[in-house]
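Breakdown of the fold
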Amino acid sequence: MSTAAAPGYEILSRADGRELFDRKAREWLGISGEEFVRRYDAGEYDGVDCSTKPKLFRLLMLLPFAR
Amino acid sequence: MPGKSPADALHRYLEVLQRTVSCVSREVLKATAYDDSRPGPYALTLGGFEPARLRGGVGISLLIAQQYTFVKRATLSRWQRWKVETARYDYALHDSTGAEIIAYHWHPGTWSGRPHLHVQGYGGPLADFMRKAHLPSGRVSVEEIIRCAIEEFGAEPLRTDWEAVLAESQTAFEKFRTWPISGN
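Quick notes on the rules
Residues numbered from 1 in each chain as written. Chains lettered and ligands numbered in written order. Predicted model: local features only at pLDDT ≥ 70, side-chain atom pairs only at ≥ 80, totals over all residues. Heavy atoms only, no water. Helix = DSSP H or I, 4+ residues; strand = E, 2+ residues; numbered from the N terminus. Rg over C-alpha atoms; globule rule 2.2 N^0.38 Å. Buried < 20%, exposed > 50% of the residue type's maximum accessible area, 1.4 Å probe, protein only. Contact = heavy atoms within 4.5 Å. Areas by Shrake-Rupley, 256 points an atom, 1.4 Å probe, with all protein chains shown as cover. pLDDT = per-residue confidence, 0-100. Salt bridge = Lys/Arg side-chain N within 4 Å of Asp/Glu carboxyl O. Patch = residues over 30% accessible without salt bridge, like charges linked within 9 Å, V, L, I, M, F, W, Y side chains within 5 Å. Polar contact = N/O pair within 3.5 Å; in protein donor to acceptor, adjacent residues only side chain to side chain.

**Overview of the overall build of chain B**
A tally of regular secondary structure across chain B gives four helices and eight strands. Secondary structure elements of chain B occur, N-terminal to C-terminal, as α-β-β-β-β-β-β-β-α-β-α-α. The C-alpha radius of gyration of chain B comes to 17 Å, within 12% of the 16 Å expected for a compact globule of 184 residues. In chain B, which comprises 184 residues, the share counted as buried stands at 50%. Nonlocal contacts in chain B, meaning residues at least 24 apart in sequence, comprise 51% of its contacts between residues at least 6 apart. Summing over all exposed atoms, chain B offers an accessible surface of approximately 8,400 Å²; the carbon and sulfur share of this is 53%.

Here's what the structure looks like:
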């Protein structure tokens, strides 16, 4: 234990953010990040309840990584 | 943390938040970059979208995800003109199997838009209600969920000065937040 400086944070490029998002969308929902964004923009995830679909909710929270 | 530009405000904000997280984890915050060609919201997460395992105690993990926007405050000095403002959050603790124990959410504009708490693991006759219940809460800070992880679940602090770090960043959070208790 120490008082050492905290590790640095990362500000991701758009490409790196999309790659991270794509990986999780494939792992959790079996679709690409691009397909997730398409479905979101089409309103398919409107009204999703955060208590019943936690991984879908987490992807919605982190959607800006895919933009 | 205000800054002279959106990028400056973001760096200041992430610096304080990363220092806060370093009380219990060496995981790195990952955030989307400011880009004036997109209005936001932007997002950040601890690690790679997965809860970060904390040392000690009962083996809990910490999830931090936020959406944020940049707000320009023309009335302040140019060194404080821009501020990062939380737009939504998901702070959760998971057990050693990866199952969620508690989650604090705020996601205005969607179903159940007020700040609320989810509690998992209740096994009684109302289990189905409890699993889905959105229990009202005030606005919760990252500092408070980390303090809860240490004090209630025995997570091992990774810094000797963790109490001072959490107190300092909590003070900054309370100074600059725009809504303290509840929101829509």
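**What about the confidence of the model for chain B?**
Atom-level detail of predicted coordinates should not be read off regions where pLDDT is low. For chain B, the mean per-residue pLDDT works out to 90, and 96% of the residues sit at or above 70. The ipTM, which scores confidence in the relative placement of chains, is 0.90 for this predicted complex, and the corresponding pTM is 0.92.

**What to know about the pattern of salt bridges**
By the definition in use, this model includes 17 salt bridges over all chains. The partner of Lys24 of chain A in a salt bridge is Glu50 of chain B, and the shortest N-O contact between them spans 2.8 Å. Here Glu50 of chain B lies in the loop between β2 (42–46) and β3 (52–53) and Lys24 of chain A lies in helix α1 (residues 14–29), a pairing that spans two chains. A relative accessible area of 9% means that Lys24 of chain A is categorised as buried.

**A word on unusual backbone geometry**
The general pattern is negative phi for most residues beyond glycine and trans for most peptide bonds. Even without glycine at this site, Phe49 of chain B takes up a positive phi of about 75°. By the secondary structure assignment, Phe49 of chain B is in the loop between β2 and β3.

**Some points on a nonpolar patch on the surface**
Residue and element names in this part refer to chain B. A cluster of nonpolar residues, Tyr122, Leu126 and Phe129, forms a patch on the protein surface that exposes about 340 Å² of accessible area. As for its placement among the helices and strands, Phe129 is situated in helix α2 (residues 127–132). Overall, Phe129 belongs to the exposed group, its relative accessible area being 63%.

**Some remarks on the environment of Ala9 of chain B**
Residue and element names in this part refer to chain B. In this fold, Ala9 is placed in helix α1 (residues 6–21). In this structure the C-alpha to C-alpha distance between Ala9 and Ser61, which are 52 residues apart in sequence, comes to 28 Å. Among residues more than four places away in sequence, those in contact with Ala9 are Met1, Pro2, Gly3, Trp82, Lys83 and Val84.

**Some remarks on the side chain of Thr20 of chain B**
Residues and elements named next belong to chain B. Looking at where Thr20 falls in the secondary structure, it is placed in helix α1. Here Val16 takes part through its backbone oxygen, which lies 2.9 Å from a polar atom of the side chain of Thr20. With sequence-adjacent residues up to four places away left out, Thr20 is seen in contact with Val142, Glu143, Ile146, Val165, Leu166 and Ser169.

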